[in-house]
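Listed here are the chains, written in short residue letters.
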Amino acid sequence: MANRQYYNIKKQAKMGDVVYFDYQKIQSGFNITPKNQMQYDGVIVNRLIIIKPTFIEKLLKRKIKKKLELYLQYIIDILDDDDDDSDNSTLNELLNELSRYKDILKYKYQKYLGEEYVLLMTQKIELLEYELKLKVMKVLERNSTYENSYQEENVSGKSR
């Protein structure tokens, strides 16, 4: 097995400098595990620990923004699709996924992003949850009216 070495890459005023440091000395930072989808002969990175708070903040904000845009686009597709009855289980799964992501924001990212930003993002997620709950109510109402009309047709057909 290859020797494991840990490096801290610093950028000084005019040149980059690679300095060896001990992994045990790092007390706090944000861990990232790369996906390693491309094979190459260079350095293989299994784990990356980001220490600089401003870089962590920028990275997490970009990550959260992409995830919220993905959820928003999916919800817009569901809300615009009024012709097709959306499956209630799909809507409930999406609601559960949104609440799980809201918990991740609160408990995992809050120490890096700050309370004010996390509160803003949770409010956005709660707005998305509200819209989904309205859609669930419409689907349930539509299904119940359909079942009631079907039962009435069956009952009225039997009376003589």
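Calculation rules
Residues numbered from 1 in each chain as written. Predicted model: local features only at pLDDT ≥ 70, side-chain atom pairs only at ≥ 80, totals over all residues. Heavy atoms only, no water. Salt bridge = Lys/Arg side-chain N within 4 Å of Asp/Glu carboxyl O. Helix = DSSP H or I, 4+ residues; strand = E, 2+ residues; numbered from the N terminus. Buried < 20%, exposed > 50% of the residue type's maximum accessible area, 1.4 Å probe, protein only. Contact = heavy atoms within 4.5 Å. pLDDT = per-residue confidence, 0-100. 1 Å grid on protein atoms, 1.4 Å probe; cavity = no way out; pocket = protein on both sides within 12 Å on 5 of 7 lines; lining within 4 Å. Points joined across faces, edges and corners; volume = space filled by probe spheres on them. Nonpolar A, V, L, I, M, F, W, Y, C, P; charged D, E, K, R; others polar. Axes fitted to C-alpha atoms, helices over the stretch in contact; angles between N-to-C directions. Parallel < 35°, antiparallel > 145°, perpendicular 65-115°, else oblique. Left-handed = near helix turned anticlockwise from the far one by under 90°.

**Notes on the pattern of salt bridges**
1) Next: Across all of its chains, the model carries 4 salt bridges by this definition.
2) Next: As a salt-bridge pair, Arg 100 and Glu 97 come within 2.6 Å of each other at their nearest N and O atoms. Placement of the pair is Arg 100 and Glu 97 together in helix 2 (residues 88–113), with a separation of 3 residues, close to one helical turn.
3) Next: Of the charged contacts, one joins Lys 102 and Glu 129 as a salt bridge, the two residues approaching to 3.3 Å between their closest N and O atoms. Taken together, the positions of Lys 102 in helix 2 and Glu 129 in helix 3 (residues 115–158) put the pair 27 residues apart, joining distant regions of the chain. For the pair Lys 102 and Glu 129, one class covers both residues: buried.
4) Next: The network of salt bridges with shared partners includes Lys 102, Glu 126 and Glu 129.

**Topic: the environment of Lys 106**
1) Next: As for its position among the elements, Lys 106 is in helix 2.
2) Next: The partly exposed category is assigned to Lys 106, whose relative accessible area is 31%.
3) Next: In this structure Lys 106 touches Val 118 and Thr 122, once residues within four positions along its chain are discounted.

**Remarks on the confidence of the model for the protein chain**
1) Next: With 71% of its residues at a pLDDT of at least 70, the protein chain reaches an overall mean of 77.
2) Next: Averaged over each element, pLDDT in the protein chain is lowest for strand 2 (residues 16–20) (49) and highest for helix 1 (residues 53–80) (89).

**Let's talk about the layout of surface pockets**
1) Next: Each pocket or cavity is described by its volume, and for the second largest pocket that value is around 410 Å³.
2) Next: In this structure, the second largest pocket is lined by 15 residues; those nearest its centre are Ile 32, Thr 33, Lys 35, Leu 59 and Lys 63.
3) Next: Considering each element in turn, the lining of the second largest pocket owes the most residues, 6 residues, to helix 1.
4) Next: Split into classes, the residues belonging to the lining of the second largest pocket amount to 8 nonpolar, 2 polar and 5 charged.

**Let's talk about the packing of helix 1 against helix 2**
Helices that pack against each other are described as a pair by the angle of their axes relative to one another and the distance between those axes.
1) Next: As a packed pair, helix 1 and helix 2 sit with axes 12 Å apart at the nearest point and diverge in direction by 165°. It follows that helix 1 is roughly antiparallel to helix 2 by the angle criterion. In terms of crossing hand, the pair formed by helix 1 and helix 2 is left-handed. Along the contact surface, helix 1 presents Ile 56, Glu 57, Leu 60, Lys 61, Lys 63, Ile 64, Lys 67, Leu 68, Tyr 71, Tyr 74, Ile 75 and Ile 78, while helix 2 presents Thr 90, Leu 91, Leu 94, Glu 97, Leu 98, Tyr 101, Leu 105, Tyr 109, Tyr 112 and Leu 113.
2) Next: For the contact of helix 1 with helix 2, the residue count by class is 16 nonpolar, 1 polar and 5 charged.

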